[in-house]
Amino acid sequence: VDTSDEISDLAQTINTMAEKLEKVEQERYHLEQVRSDFLANVSHELRTPLTAMQGFLEALQDGLVEDEEARQKYYAVMYTETMQVNRLVDDLMDLMKLENNEVNLAKFPVDVADVMNKVAFSFRAEAEEKGLTIKVETEDGLPKIYADRDRVAQILKNFVKNAVKFTEHGEIRLTAAAEEPYVRIQVSDTGIGISQDDLNRIWERFFKVDRGRSKNNKGTGLGLAIVKELVELHDGKWSVESELGQGSTFTVWLPTVGAYRQSG
Ligand code: ADP
């Protein structure tokens, strides 16, 4: 028996074990980091509206707001802030359930054009108020997708809500086309656009472009993270293209009914 061989084998094994341990340790550190970032984000997002409400309530309580009109304004702002907290909690719960695989999708054949028209209709008034038009363009004979109708509507709503929010002039277009084995669904706008650096990050939870500048961005930063989870649960794909100052196009591909039949 060649002992030097055995010793080098042993050294090798110890090395591999040390490397594995280090990886586990790094992974653990990473998870810890993700967890504490997450808590910091939740706290920040909750504290912002709560601090505002506290300030207004104190002013009211101290009798500092004398005329009725100003008082009504304070109430209105506080109401908006409570809605913001509610929205955050709703989105957070939804995202957590999706990430923990606690959501059962009710998948059926779905007519995408129909869902698109309904979503577009629900945003029409809000868009027109800003002078924006919403157009829906779908191919004739579009194949049905195999999906959860409400969740497809949720994906579209998140895109259109953002498009309306981040566009001041022009139009928002919802299009759908067959790209077997998928239907490609797009929402494009002529809004402020997103820089290349930020494009990679917008699907992260809580990410909002330039928090400072978009103070009145009443979003939760969770919409696109939810979209990503939903598309994954549908075995679909997503992407985004954008040019600062020109506009953005968000795309998802969702599998057709035929695609599902073939994959059994
Ligand atoms: P939010 O609730 O803030 O809208 P999202 O996850 O839906 O959260 O979007 C994340 C961020 O991506 C937004 O805060 C915004 O900065 C950017 N964004 C999303 N959609 C658009 C768009 N159509 N045009 C410009 N920026 C967008």
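Remember, predicted model here, so these are calculated numbers, not experimental data.

### Re the overall build of the protein chain
So, point 1. Assigned secondary structure in the protein chain consists of seven helices and seven strands.
So, point 2. Along the three orthogonal principal directions, the C-alpha set of the protein chain runs to about 95 × 60 × 35 Å.
So, point 3. Counting across all 264 residues of the protein chain, residues that qualify as buried make up 38%.
So, point 4. Taking contacts inside the protein chain between residues at least 6 apart in sequence as the whole, the part at least 24 apart equals 72%.
So, point 5. Per element, the accessible surface of the protein chain, about 16400 Å² overall, is 51% carbon and sulfur.

### Things to note about the nonpolar core
So, point 1. Residues Leu 156, Phe 159, Leu 174 and Ile 202 are the most contacted members of the largest nonpolar core, which totals 52 residues.
So, point 2. If you tally residues by element for this core, the top one is helix 4 (residues 149-165), at eight residues.
So, point 3. With residues near it in sequence (within four places) discarded, Phe 159 still touches Val 187, Trp 203, Leu 224, Val 227, Phe 250 and Val 252.
So, point 4. Judged by nonpolar contacts, the second largest core, of six residues, contains Ala 59, Leu 60, Val 65 and Met 78.

### Description of the environment of Leu 88
So, point 1. For Leu 88, the location among the structural elements is in helix 2 (residues 68-99).
So, point 2. You can call Leu 88 buried: its relative accessible area is 3%.
So, point 3. Taking the C-alpha atoms as reference points, Leu 88 and Leu 222, separated by 134 residues in sequence, lie 8.2 Å from one another.
So, point 4. Apart from residues no more than four positions distant in its own chain, Leu 88 is found in contact with Glu 45, Leu 46, Phe 206, Thr 220 and Leu 222.

### With respect to the site of the ligand
So, point 1. Residues in close proximity to the ligand total 21 residues, the closest being Asn 162, Asp 189, Thr 220, Gly 221 and Leu 224.
So, point 2. Between the ligand and the protein, one listed contact pairs an oxygen atom with a side-chain N or O atom of Asn 162 at 2.7 Å.
So, point 3. Backbone polar atom of Val 209 to an oxygen atom of the ligand: 3.0 Å apart, as the coordinates give it.
So, point 4. Considering the ligand on its own, with 530 Å² of exposed area, one finds that the protein chains cover 98% of that surface.
So, point 5. Only helix 4, helix 6 (223-233) and strand 7 (247-255) provide two or more residues apiece to the shell around the ligand.
So, point 6. Looking at the shell around the ligand, the element that brings in the most residues is helix 4, giving three residues.

### Considerations on helix 2
So, point 1. Over its 32 residues, helix 2 extends 47 Å from the first C-alpha to the last, a length consistent with the 46 Å expected when each residue adds 1.5 Å.
So, point 2. Burial in helix 2 covers these residues: Met 78, Glu 81, Gln 84, Val 85, Leu 88, Asp 91, Leu 92, Asp 94, Leu 95 and Leu 98.
So, point 3. In this fold, the buried residues of helix 2 make contact with helix 1 (3-61), helix 4 and helix 6.

### Section: the side chain of Gln 186
So, point 1. Inspection of the secondary structure puts Gln 186 in strand 5 (residues 182-189).
So, point 2. In this structure the side chain of Gln 186 is engaged in a polar contact, spanning 3.0 Å, whose partner is the side chain of Thr 251.
So, point 3. Beyond its immediate chain neighbours, meaning those up to four positions away, Gln 186 contacts Arg 173, Leu 174, Thr 175, Thr 249, Phe 250 and Thr 251.

### Quick word on unusual backbone geometry
So, point 1. Note that the residue after Glu 180, namely Pro 181, is joined by a cis bond; omega there is 5°.
So, point 2. Although it is not a glycine, Asn 101 sits at a positive phi angle of roughly 55°.
So, point 3. Looking at the secondary structure, you find Asn 101 in the loop between helix 2 and strand 1 (108-110).
So, point 4. A positive phi angle, close to 55°, is found at Asp 235, a residue other than glycine.

### What about the packing of aromatic side chains?
So, point 1. Inspection of the entire model under this criterion finds five aromatic pairs.
So, point 2. Centre to centre, the rings of Phe 38 and Phe 206 are 5.8 Å apart; their planes meet at 55°, and the pair counts as tilted. Placement of the pair is Phe 38 in helix 1 and Phe 206 in the loop between helix 5 (196-199) and helix 6, with a sequence separation of 168 residues. Phe 206 shares its class with Phe 38; the two are buried.
So, point 3. Considering the side-chain rings of Trp 203 and Phe 250, the 6.0 Å spacing of their centres and the 70° angle between planes classify their relative orientation as edge-to-face. With Trp 203 in the loop between helix 5 and helix 6 and Phe 250 in strand 7, the pair connects residues that are 47 residues apart, well separated along the chain.
So, point 4. Look at Trp 203 and you get buried, because its relative accessible area is 9%.
So, point 5. Taken together, the ring pairs in this structure connect Phe 159, Trp 203, Trp 238 and Phe 250 into an aromatic cluster.

About the thresholds
Residues numbered from 1 in each chain as written. Predicted model: local features only at pLDDT ≥ 70, side-chain atom pairs only at ≥ 80, totals over all residues. Heavy atoms only, no water. Helix = DSSP H or I, 4+ residues; strand = E, 2+ residues; numbered from the N terminus. Buried < 20%, exposed > 50% of the residue type's maximum accessible area, 1.4 Å probe, protein only. Contact = heavy atoms within 4.5 Å. Areas by Shrake-Rupley, 256 points an atom, 1.4 Å probe, with all protein chains shown as cover. Core = buried A, V, L, I, M, F, W, Y, C linked by side-chain atoms within 4.5 Å. Near = heavy atom within 4 Å. Polar contact = N/O pair within 3.5 Å; in protein donor to acceptor, adjacent residues only side chain to side chain. Expected span 1.5 Å × (residues − 1). Phe/Tyr/Trp six-rings, centres within 6.5 Å; stacked < 30°, edge-to-face > 60°.

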